[in-house]
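Residue-level listing of the chains:
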Amino acid sequence: MDQRGDQSIEKTVKSEMIYEGRILNLRVETVELPNQKYSKREIVDHSKAVALVVLDKEEIFLVRQYRKAIDDFILEIPAGLVESNEQPRETALREMQEEIGYGSNHLEYLFDAYSSPGFTNEKTSFFFTNDIYEGKKEGDDDEFLEIVKMPFERVIEMIDTGEITDSKTIMGVLYVKKMMDNGQI
C-alpha cells in the first residue's frame, strides 16, 4: 500500500494488449489519476528472472554476451528467466549449469528487485553461492556467451569506473561486497 493512502493510486479504466510474446507482453492502460484526469501507461509484463553471484575463492564468474537492445557486448553475472514450471531457486541452479557449467551445494537467496518499475513489472530474484562444483555446460541454442572469471575486487573496480554497466550485476556484486565487509561471507 502506498504511504500516502488510496489518494495516489491510479485506477485502470481501460487496458489494451498491444503485443504478446514469448518472454514479454506490452499493454497500454488508460488510468484515472487522483486529480480525476486521465493518462496512458505503457506497461511491459515481463517474465520473472534470476541472477547469481557465483564465487570461486577470490574470483567471480561473469558472462560476456552480445545484447541486441544495446547493440554491444556486456559483462553480466549469470542470469535467466524463470520457466512456468520452476521456482526461482531451481532456475538459478539450471542457469548456473547452462551458462557457466557449474552446480552448487548451497545456494543462498539474497533479495528480489524490480529492474525498472516505471514501465515494467520484471522482478529478479538474486542468489549467491561460493560452494560450487564443476558440471557440464549446457547452453541454450540461441545464447552465445563467453565465460569470464576474474578477481572479485577487479569487478568492484570495473563498477567504480563505469566499465560494468549492467544493473543486475552492479546490484548483486555490491550486495555481496556488503556481505563480505560485514563478515557474513
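Small disclaimer: the values here were computed from a predicted structure and weren't measured.

Peer 1: Is there a simple way to explain the side chain of Arg27 in this structure?
Peer 2: Mapped onto the secondary structure, Arg27 falls in strand E2 (residues 24–32). Judged by its relative accessible area of 16%, Arg27 is buried. Within the local environment of Arg27, its side chain forms a polar contact with the side chain of Glu29, the two groups lying 2.3 Å apart. In this view, Arg27 contacts Ser15, Glu16, Met17, Ile18, Arg41, Glu42, Ile43, Asp45 and Asn121; residues no more than four positions away in its chain are not counted.

Peer 1: Honestly, the nonpolar core in this entry has me stumped. Any pointers?
Peer 2: Note that soluble globular proteins tend to have their nonpolar side chains buried in a common cluster. In this structure, Ile60, Leu62, Ile77, Met150, Val155 and Val173 are the most contacted members of the largest nonpolar core, which totals 24 residues. For this core, the elements supplying multiple residues, two or more each, are strand E4 (49–56), strand E5 (59–67), strand E9 (108–114), strand E10 (123–129), strand E12 (145–151), helix H2 (152–160) and helix H3 (167–181). Broken down by element, the residue count for this core peaks at 5 residues, all from H2. Excluding its chain neighbours within four sequence positions, the residues that come into contact with Met150 are Glu58, Glu59, Ile60, Leu62, Leu75, Val155 and Met158. In this structure, Val50, Phe61, Ile100 and Leu107 belong to the second largest nonpolar core, which totals 14 residues.

Peer 1: Would you explain the sheet that holds E2 in this entry?
Peer 2: The strands making up a sheet associate through hydrogen bonds between their backbones, and the pairing can be parallel or antiparallel. Across the sheet, 3 strands lie side by side as E1-E2-E3; this open sheet has antiparallel pairing. Each having just a single partner strand, strand E1 (11–20) and strand E3 (38–46) make up the two edges of the open sheet. Between one strand axis and the next, the sheet turns by 20° as a mean value, whatever way the strands run. Note that E1 and E2 share 8 bridges and pair antiparallel. Looking at E2, one finds that Lys11 is bridged to Glu32.

Peer 1: I tried to follow H2 on my own but got confused; where do I start?
Peer 2: Side chains of residues three or four places apart in an α-helix project in the same direction, reflecting 3.6 residues per turn. Listed as buried for H2 are Phe152, Val155, Ile156, Met158 and Ile159. Taken down its axis, H2 places every buried residue within 160° of arc, on the same side. Tucked into the core, H2 has its buried residues touching E4, E5, strand E6 (72–76), E12 and H3. Gly162 lies just past H2 and shows a positive phi near 85°.

So, how was this worked out
Residues numbered from 1 in each chain as written. Predicted model: local features only at pLDDT ≥ 70, side-chain atom pairs only at ≥ 80, totals over all residues. Heavy atoms only, no water. Helix = DSSP H or I, 4+ residues; strand = E, 2+ residues; numbered from the N terminus. Buried < 20%, exposed > 50% of the residue type's maximum accessible area, 1.4 Å probe, protein only. Polar contact = N/O pair within 3.5 Å; in protein donor to acceptor, adjacent residues only side chain to side chain. Contact = heavy atoms within 4.5 Å. Core = buried A, V, L, I, M, F, W, Y, C linked by side-chain atoms within 4.5 Å. Pairing = 2+ DSSP bridges. Axes fitted to C-alpha atoms, helices over the stretch in contact; angles between N-to-C directions. Arc of directions from axis to C-beta.

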